[in-house]
Structures are given as C-alpha cells and as structure tokens.
Amino acid sequence: ATHLVWFRHDLRVTDNTALYQACQDDDAQVIAIYIATPKQWHEHHMSARQAWLIEQHIQHLQKSLAELNIPLLYRQTETFDEVAPIIQAVCQQYQVSDLFYNKQYQWNERQRDKAVTAHLANTDVRIQAFDDAVFFAPGSVLTGAGKMYQVYTPFRHKCCEQLSSQNTTVYAKPKKRISAALSVTTDSITPFSYTTQRVVDFPTGEPRALSCLRDFCQKHVDRYLQQRDYPALDATSHLSAYLALGVLSVRQCFARLQMEYPDLLHATSSGAFGWFSQLLWREFYLHLLFMYPKLSKNKPFIDWTERVQWRENQADFDAWKNGLTGYPIVDAAMRQLNQTGWMHNRLRMIVASFLVKDLLIDWHRGEHYFMSQLIDGDLALNNGGWQWAASTGTDAAPYFRIFNPTTQGERFDPNGQFIRQYLPELALVPDEAIHQPHKWAQSHQVKLDYPAPIVCHAKARLYTLAAFKAAR
Ligand code: FAD
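**Brief notes about helix α16 (residues 379-390)**
Given 3.6 residues to a turn, an α-helix orients residues that are three or four positions apart in the same direction.
Item 1. With 12 residues, α16 extends 16 Å from end C-alpha to end C-alpha; this agrees with the ideal 16 Å at 1.5 Å per step.
Item 2. Across the 12 residues of α16, 9 count as buried, placing the element largely inside the fold.
Item 3. Three or more residues of α16 are buried, namely A380, N382, N383, G384, W386, Q387, W388, A389 and A390.
Item 4. Phi for S391, located one or two positions after α16, is positive at around 60°.

**A short note on the packing of helix α14 (residues 345-358) against α16**
Packed helices, taken two at a time, are described by their axes: the angle between them and the distance between them.
Item 1. Between α14 and α16, whose axes approach to 8 Å, the crossing angle comes to 55°. Considered as vectors, α14 and α16 are oriented oblique to each other. As for how α14 packs across α16, the hand of that crossing is right-handed. Each of M349, A352, S353, L355, V356 and K357 in α14 lies in contact with α16, whose residues at this interface are W386, W388, A389 and A390.
Item 2. Residues that form the contact of α14 with α16 fall into these classes: 8 nonpolar, 1 polar and 1 charged.

**Structural notes on the confidence of the model for the protein**
When pLDDT is low, close inspection of the predicted coordinates is not appropriate.
Item 1. Mean pLDDT over the protein stands at 96; residues scoring 70 or higher make up 99%.
Item 2. Here the predicted complex carries an ipTM of 1.00, next to a pTM of 0.98.

**So, the packing of helix α6 (residues 152-164) against helix α11 (residues 271-291)**
Item 1. Axis separation between α6 and α11 bottoms out at 10 Å; the angle between their running directions is 105°. Of the possible angle classes, the one that applies to α6 and α11 is roughly perpendicular. Contacts between α6 and α11 involve Y152, F155, R156, C159, C160 and L163 from the former and F273, F276, S277, L280, W281, E283, F284 and H287 from the latter.
Item 2. A class-by-class count of the residues in the contact of α6 with α11 yields 10 nonpolar, 2 polar and 2 charged.

**Comments concerning the site of the ligand**
Item 1. Close contacts around the ligand come from 28 residues, with Y224, T236, S237, H238 and N345 the closest.
Item 2. R282 places a polar main-chain atom, nitrogen or oxygen, 3.5 Å from a nitrogen atom of the ligand.
Item 3. Contact distances for the ligand include 2.8 Å between a nitrogen atom and a backbone N or O atom of D376.
Item 4. Summarising the interface, the protein chains cover 96% of the accessible area of the ligand, which totals 820 Å² for the free molecule.
Item 5. Going through the elements one at a time, α9 (240-245), α11, α14 and α16 are the ones with two or more residues in the shell around the ligand.
Item 6. For the shell around the ligand, the leading source of residues is α11, giving 6 residues.
Item 7. Of the residues belonging to the shell around the ligand, the class tally is 15 nonpolar, 9 polar and 4 charged.

**Structural notes on unusual backbone geometry**
Item 1. Residue P191 is bonded to the preceding T190 through a cis peptide linkage, with omega at -5°.
Item 2. Summarising the element assignment, P191 is placed in the loop between α6 and α7 (206-220).
Item 3. Of note in the backbone geometry, D201 takes a positive phi value of approximately 65° without being a glycine.
Item 4. Relative to the elements of secondary structure, D201 occurs in the loop between α6 and α7.
Item 5. Positive phi, close to 45°, is recorded for D395, a residue that is not glycine.
Item 6. Here D395 lies in the loop between α16 and α17 (405-412).
Item 7. Under the relative-accessibility criterion, D395 is labelled partly exposed at 29%.

**Side note on α11**
Item 1. Counted at 1.5 Å a residue, the expected span for α11 with its 21 residues is 30 Å, and the 30 Å between its end C-alpha atoms agrees.
Item 2. Here α11 lies mainly inside the structure; 17 of its 21 residues are buried.

**Here's the deal with the pairing of strand β2 (residues 29-36)**
Item 1. Burial of β2 is extensive: 7 of the 8 residues sit out of reach of the surface.
Item 2. In this structure, β2 lies alongside strand β3 (residues 72-76), joined through 5 bridges in parallel fashion. Opposite I35, over in β3, you have R75 as the bridge partner.

Conventions and cut-offs
- Residues numbered from 1 in each chain as written.
- Predicted model: local features only at pLDDT ≥ 70, side-chain atom pairs only at ≥ 80, totals over all residues.
- Heavy atoms only, no water.
- Helix = DSSP H or I, 4+ residues; strand = E, 2+ residues; numbered from the N terminus.
- Expected span 1.5 Å × (residues − 1).
- Buried < 20%, exposed > 50% of the residue type's maximum accessible area, 1.4 Å probe, protein only.
- Axes fitted to C-alpha atoms, helices over the stretch in contact; angles between N-to-C directions.
- Parallel < 35°, antiparallel > 145°, perpendicular 65-115°, else oblique.
- Left-handed = near helix turned anticlockwise from the far one by under 90°.
- Contact = heavy atoms within 4.5 Å.
- Nonpolar A, V, L, I, M, F, W, Y, C, P; charged D, E, K, R; others polar.
- pLDDT = per-residue confidence, 0-100.
- Near = heavy atom within 4 Å.
- Polar contact = N/O pair within 3.5 Å; in protein donor to acceptor, adjacent residues only side chain to side chain.
- Areas by Shrake-Rupley, 256 points an atom, 1.4 Å probe, with all protein chains shown as cover.
- Pairing = 2+ DSSP bridges.

Structure representation (structure tokens):
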C-alpha cells in the first residue's frame, strides 16, 4: 500500500492525526505532499509574513519527514481549482492506495476537498480525513436541542464537560520508516512564488514552538488573568501564529497545561483555566465557521447589520491603517501590527471598535487589512473578532456598547508605557497627558509631530448609534 499524506495548515510531525494514522501500517510506503496556491492566498488576503512562516515550516517539515524516511513532494499552482487534478496525478504516478489529510473548515477549502473526492471517485484511492485542528469535530458540540451554541459561555461549559469525561490523546511523532519510499525524490521548495517577509526574532520550527509552549505554561500562565489585558506587560503566549498554521495543536497546548496543572478543569479562576478558555474561543469560532458557511462568504452573522450605511472615507481609513488617528492607543496598536505582524488581543478589540464605531467604516475593510498584515491571520478567529467588535456576530458586543478609545487607553495602558514604544513623537508628553496629547500640547503651546484626533468620539458615538438603529 502507498499512503499519501496531504499537508495543509497542519505543518508538524508530532500529534498530527493524518500523519500518525498514515504511519500505522508498518508495511505501507508513506509519502507526503504540500501544494502552494499563491493566487488563492492573495484572494484570502494572506500576509507576506504568514507566507514567510509557511515557507519556513514547509522546509522544517521536509527535513523532519526526511528523518522519518518520508519524502515531502512540493507543488505550486494558482488557486484551489487546480488542486484536485494535481492530487489525482500524484495518486496515479505513485499508485497511492490511501489519501490522508486533516480537515479545514473554511468554505473554499471545503469545496477544494470536495473536488478532490469527486476526482478520486472512480479510482481505488480511499480518502481518510480527520478533525485535527480542534478538540471536537465541529457540529458535535450542541445544545440540548441539537443546535450550535450561539453564545460562548455555555459552549465552553459543554466543551469542559466533554473534555473531563474523555481522554485527550496526543499522538507521538511516528517511528522512522524502515526504508525511504522507493523512487520518490524530495522536491525543492524554493522559489516560493508569493511575496514573503521575514519576521525578525520570530522563532520557527516545531521544537521551538513546543518549547515556547512549555515555557509559557511553566513560567507565565499563572499571571495570565491579572495581566493579559495590559499590552505593556506582554503577558500572553504569542502562540497564535503556530496554532494558525498547525505548527502546534490545541491538544498539545491542553496536554502541556494539564501536565503543569492537573486540576485545570476544576480550577476555573486560575490563570491556566483563563488561558485554556481562550483556546476554547478559538474552538467556538472554528465551529461557527463550519456550521455557518455564510461567515466564509463575507456575510455578517446578524443579517440586518448588512443594511448599515457605512462611510466610504478613504482618508479616515488610511489614518487608521497607518496609526495616525490622533488616538494614541489606537495608533500605537496599528503600528505594532504594521511593524511586527502581531497585535495584542485587547488592542485588536480597541482598533476594530474604533474603525467600525468611531469611523463607521465597513468592518470587512478592517478584517481584510488585518489579514494582509497578521502573521497569525486565521479566517475563523479574525472574522469572529471583527464581527464581535462590529456587533454583527454571535455573542457580539451589542451595537449600543461602544468602546471609548481614550478611557480604554487610560485603563489598559495607564502610564502610556506601551504607547511610548510605538509613538516616539510623544516622548515629551507627560504620563498623565499621554492619552490626550493634543490637549496638553495646546495648553503648553507645544507643537507635536502628531495629529489631533480625526474624529470626536462623543459625536461619532451618536451617528453610529443612529446608523445601526436605522439599519435595524
Ligand atoms: P493568548 O492570549 O496566549 O491565547 C492563546 C490562544 O488562544 C491564541 O494563540 C489563540 O489561538 C486563542 N485566542 C486567544 N484569544 C482569542 C480570541 N479572542 N478569540 C479566539 N481565539 C483566541 N487570532 C488569531 O489567531 N488570528 C487572527 O487573525 C485573529 N484576529 C483577530 C481580530 C480581532 C478583531 C480580534 C478582537 C481578535 C483576533 N484574534 C485573532 C484573537 C486574538 O487576538 C489572538 O489570538 C491573540 O491576540 C494572539 O495572541 P496570543 O497567542 O499571545 O494569545
């Protein structure tokens, strides 16, 4: 038998369900493939940073697989439309008996996989697909009435209940195959035809990701609940990019956490549980994406919000994008995104709320801009986060609850320590004035190289409320 493992966003060898299952038969010849689809990635607004991380990890994967005597084939095409014929041709060329892959839940990815099934329908190739990116198969965590949860907290309770009554298996790295798959050579991965942008100081490779996870669980998770909302403290795990590309699995995160905190599921006020709850937010958004295909198709969850009359103001959008709104917390956050490809969660909420509720600009534009910059861009989480902030999603902030960017800054960056990291032009402004520098500049007759607020929050709040009311 010849087993073909098709890698997608599961770029790891440990705890990889498809790979593990493909290696269960000691006699089978195992080969692997990765197919890059640059044009599709453009359509999905994938950032050059994430492309860089993918490229790095395919190379790491190729090496780790070679050590297991599994060659990784590499193909490039334009879009998902051409993927099925490639898989079919590879199956034919190597006389593949079984195709193994881990499922993806976005709509386009599901259509691609359906096309593969159709192409292989008249062949002898068996397809084995697994739910690997999640704790539970989407669609299997349901209310008593058999419906998908629309609210996070009861969803979380149900997940915890299911997790405490079952063992979570973490699959070991497969054993080395006795001999390399005959007659298959490993392909070169470069040139990788997508613009890539290296992220300085970002550790790559599965072992590094695992050691970051261990380090976080051993040394930092205790303080997570007290510190997670303060960007200057940088108290979160920074594991999102690995989770987005499947360099780490959620089961590995859970297992490591449980190793440090065996009572995790019962200690609900602990830092460890607080962090675990974030992994369940991820789970929630992935389940929603699967259950509601409209979320993959630029549609809001709440239908009436499609009627909100957004403003088209390009100058305001550019000011937001470039961190020049005159609201220091918003601007520092956007510059963190532009410079590093990552933004703290509290700040993602603040800047998303600002774009939608203060500038009344369509949340899709912010969602796409985020994807184009983020190293951890993930449709389910990004869309979930944006729809939460825009009050268009499940369990979202109600539309009349509008963040005040100044008081958010005062609360979560009281001395402006974070703001100062990204806005050197405010160096002279004292701590107590850091959230409203234009006022200080005015009263001290100082000219700052920093814009006055582009919008008055109090007025913006009123027109946004009116726009949502009218749509409703
Ligand atoms: P930690 O606090 O250490 O959390 C651990 C993990 O839990 C994260 O890596 C992530 O996988 C998950 N997680 C954490 N917070 C959330 C959340 N609010 N919702 C869902 N899952 C969460 N996350 C992405 O991975 N990709 C995105 O494209 C993305 N876009 C977002 C857009 C907006 C508008 C908002 C409000 C949030 C978005 N998030 C996104 C969620 C969250 O901001 C990031 O996951 C988090 O900041 C990553 O940092 P961390 O790994 O240090 O998180």
